[in-house]
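Here's the letter readout for the chains.
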Amino acid sequence: MKDKIEQIIQDTSAILIKNNAQLEEFRIKYLGTKGVLKDMFDAFKLVPNENKKEYGQLLNVLKSHVEYIFSTNKEALEVSAENSVVDFDVTMPGTPLELGARHPISIIKNEMIEIFARIGFAVAEGPEIEDDWHNFTALNTPEDHPARDMQDTFYINENTLLRTHTSPVQIRLMENEAPPIRVITPGRVYRNETISARAHCTFHQVEGLYINENVSFADLKQTLLYFAKEMFGQNVEIRLRPSFFPFTEPSAELDITCFICDRKGCPVCKGSGWVEIGGCGMVDPAVLQNCKIDDQKYTGFAFGMGIERIALLKYGIDDIRLFYENDVRFLKQFGS
Ligand code: DAH
């Protein structure tokens, strides 16, 4: 029996299988219900008990060997069949890759970064999930300020929220760096607003902060004028309207002349010739103190502008929701 097993191993190793018919022949001859292996296992029943262990092991080796020869040949035939089928025309021109376009919000954001970089502003970012200290308290926003209301802010828990503006990045910068600080911080913000053509629950802002000795309101005004002209064209003028923010004193609202109607009055500027693009002011000394910056030695200005607002104006878009619908027909129009 031992010799027979060795003989079968030799025979099967030498067999050349070239096609499926030969493979099937091999299967029937060795692995079929009346095949060689079946005969061997039948013969095994007659082996005396004392030899059963030895022959049993040999038979198992034989079985795995034959199965191995069968499966490797089967795989080889399948691979060569796949490779030999040419069902495409190799001379046909390829399908051109569709190039994507940059999102209008990214285009405006990058443009703002470039404009401010030219006058020495670096870029910084902060977390979108903020704590109460950075988003409100350190920014001098009192406990009973309406902005803290659940109506306006998405709270995660009592002390954690989705930032409602990019101003908390000011605090993070001032806590960690010594003046001079000259940075803009673009980023996404969240407010619990009803979604409409003019408002969304998430949008983007660019915060600006300049802290140094002798920084004045005139520096702020000149910086904003420079930005407005670079962004909207040299004919644009700016106007600072007195306003209130807890973290700046004095505070102002930044308007630019409506370049859509050239100040004549149109639906975008509601007939006034001016459109608002952000808020600004001199950093309140209380905010400097909260960040352990010497408010006797240093002063600074800050501003915050909405990126969507600027994009809406610049591109003449009348619905903020278009920015978040991922409609490629809309997104493709801005080139980049
Ligand atoms: N954080 C304000 C807002 O979201 C915008 C703002 C106003 C930012 C005045 C400033 C500032 O830095 O000085 O409405």
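For clarity, every value in this text was computed on a predicted model and none was experimentally measured. (Residues numbered from 1 in each chain as written. Predicted model: local features only at pLDDT ≥ 70, side-chain atom pairs only at ≥ 80, totals over all residues. Heavy atoms only, no water.)

Peer 1: Could you clarify how one ought to interpret the environment of Asn140 in this entry?
Peer 2: Within the secondary structure, Asn140 sits in the loop between α6 (132–135) and β3 (155–157). As for Asn140 and Phe44, which are separated by 96 residues in sequence, their C-alpha atoms are 93 Å apart. When neighbours within four sequence positions are excluded, Asn140 is seen to be in contact with Pro246, Phe247, Asp284, Ala286, Val287 and Asn290. (Helix = DSSP H or I, 4+ residues; strand = E, 2+ residues; numbered from the N terminus. Contact = heavy atoms within 4.5 Å.)

Peer 1: What exactly am I supposed to notice about the domain arrangement of the protein chain here?
Peer 2: Much of the literature gives interface size as the accessible area that the parts lose upon coming together. According to the domain assignment, the protein chain contains domain 1 (2–82) and domain 2 (104–334). Once you take the C-alpha centre of each, domain 1 and domain 2 turn out to be 79 Å apart. (Domains from an automatic or database assignment.)

Peer 1: Can you walk me through the nonpolar core in this structure?
Peer 2: Nonpolar side chains in soluble globular proteins tend to be buried together. Counting residues in hydrophobic clusters, the biggest one holds 44 residues, and the most contacted among them are Met112, Phe227, Ile256, Ile277, Phe303, Met305 and Ile310. Those elements that provide at least two residues to this core are α5 (104–117), β6 (202–212), α8 (217–232), β8 (248–257), β9 (274–283), β10 (299–306), α10 (307–315) and α11 (328–331). Filtering out sequence-adjacent residues up to four positions away, Ile310 remains in contact with Ile108, Met112, Phe227, Met231, Phe232, Ile277 and Met305. (Core = buried A, V, L, I, M, F, W, Y, C linked by side-chain atoms within 4.5 Å. Buried < 20%, exposed > 50% of the residue type's maximum accessible area, 1.4 Å probe, protein only.)

Peer 1: Would you explain the site of the ligand in this entry?
Peer 2: Neighbouring the ligand are 15 residues; His165, Ser167, Arg191, Gln205 and Glu207 lie closest to it. Within the side chain of His165, a nitrogen or oxygen atom sits 2.9 Å from a nitrogen atom of the ligand. Note that an oxygen atom of the ligand is positioned 3.1 Å from one of the side-chain N or O atoms of Gln170. Within the complex, the protein chains bury 89% of what would otherwise be the 350 Å² of accessible surface of the ligand. At the level of secondary structure, the elements contributing two or more residues to the shell around the ligand comprise α7 (167–176), β6, β9 and β10. (Near = heavy atom within 4 Å. Polar contact = N/O pair within 3.5 Å; in protein donor to acceptor, adjacent residues only side chain to side chain. Areas by Shrake-Rupley, 256 points an atom, 1.4 Å probe, with all protein chains shown as cover.)

Peer 1: Help me understand the pattern of salt bridges, please; the structure alone is not making it clear to me.
Peer 2: Close approach of charged atoms allows side chains of opposite charge to pair. Per the counting criterion, the structure on display carries 16 salt bridges. Residues Lys63 and Glu67 are paired through a salt bridge, measuring 3.5 Å at the closest nitrogen-oxygen approach. Here Lys63 and its partner Glu67 are both found in helix α4 (residues 49–84), four residues apart, which amounts to about one turn of the helix. Here Glu67 falls in the partly exposed class, since its relative accessible area comes to 36%. Across the pair Lys314 and Glu111 runs a salt bridge, and its minimum N-O distance is 2.8 Å. (Salt bridge = Lys/Arg side-chain N within 4 Å of Asp/Glu carboxyl O.)

Peer 1: What's the story with the packing of aromatic side chains in this structure? I'm lost.
Peer 2: Aromatic rings considered in pairs are described by the distance between their centres and by the relative angle of their planes. By the definition in use, this model includes 13 aromatic pairs. Ring geometry for Tyr210 versus Phe301: centroids 5.6 Å apart, planes at 70 degrees, classification edge-to-face. Of this pair, Tyr210 sits in strand β6 while Phe301 is found in strand β10, placing the two residues 91 residues apart along the sequence. Per residue, the accessibility class of Tyr210 equals that of Phe301, and both read buried. (Phe/Tyr/Trp six-rings, centres within 6.5 Å; stacked < 30°, edge-to-face > 60°.)

Peer 1: In this structure, what is going on with the state of the cysteines? I would like to understand it.
Peer 2: Simply put, disulfide is the name for a covalent bond between the sulfur atoms of two cysteines. A complete count under the given rule lists zero disulfides for this structure. With no disulfide partner, Cys266 has as its closest neighbouring cysteine sulfur the one in Cys261, 3.7 Å distant. Left unpaired, Cys291 is separated from the closest cysteine sulfur, that of Cys280, by 19 Å. (Disulfide = S-S within 2.5 Å.)

Peer 1: Looking at this structure, I do not really get the packing of helix α1 (residues 2–14) against α4. What am I missing?
Peer 2: Helix-helix packing: each pair is described by the crossing angle between the helix axes and the interaxial distance. Closest axis-to-axis distance for the α1/α4 pair is 10 Å, and the angle between their directions is 10 degrees. Regarding the angle of α1 to α4, the classification is roughly parallel. Where α1 approaches α4, its residues Lys2, Ile5, Ile8, Ile9, Thr12 and Ser13 are matched on the opposing element by Glu54, Tyr55, Leu58, Leu59, Leu62, His65, Val66 and Ile69. (Axes fitted to C-alpha atoms, helices over the stretch in contact; angles between N-to-C directions. Parallel < 35°, antiparallel > 145°, perpendicular 65-115°, else oblique.)

Peer 1: What's the story with the layout of surface pockets in this structure? I'm lost.
Peer 2: Which parts of space are left empty comes out when a probe the size of a water molecule is rolled across the atoms. Roughly 200 Å³ of internal volume is contained in the second largest pocket. If you go around the second largest pocket, the residues you meet are His103, Ile105, Ser106, Lys109, Glu125, Gly126, Glu128, Arg163, Pro186, Gly187, Arg188 and His204. For the lining of the second largest pocket, the secondary-structure elements that each account for two or more residues are α5 and β5 (181–190). Looking at the lining of the second largest pocket residue by residue, the classes come out as two nonpolar, five polar and five charged. (1 Å grid on protein atoms, 1.4 Å probe; cavity = no way out; pocket = protein on both sides within 12 Å on 5 of 7 lines; lining within 4 Å. Points joined across faces, edges and corners; volume = space filled by probe spheres on them. Nonpolar A, V, L, I, M, F, W, Y, C, P; charged D, E, K, R; others polar.)

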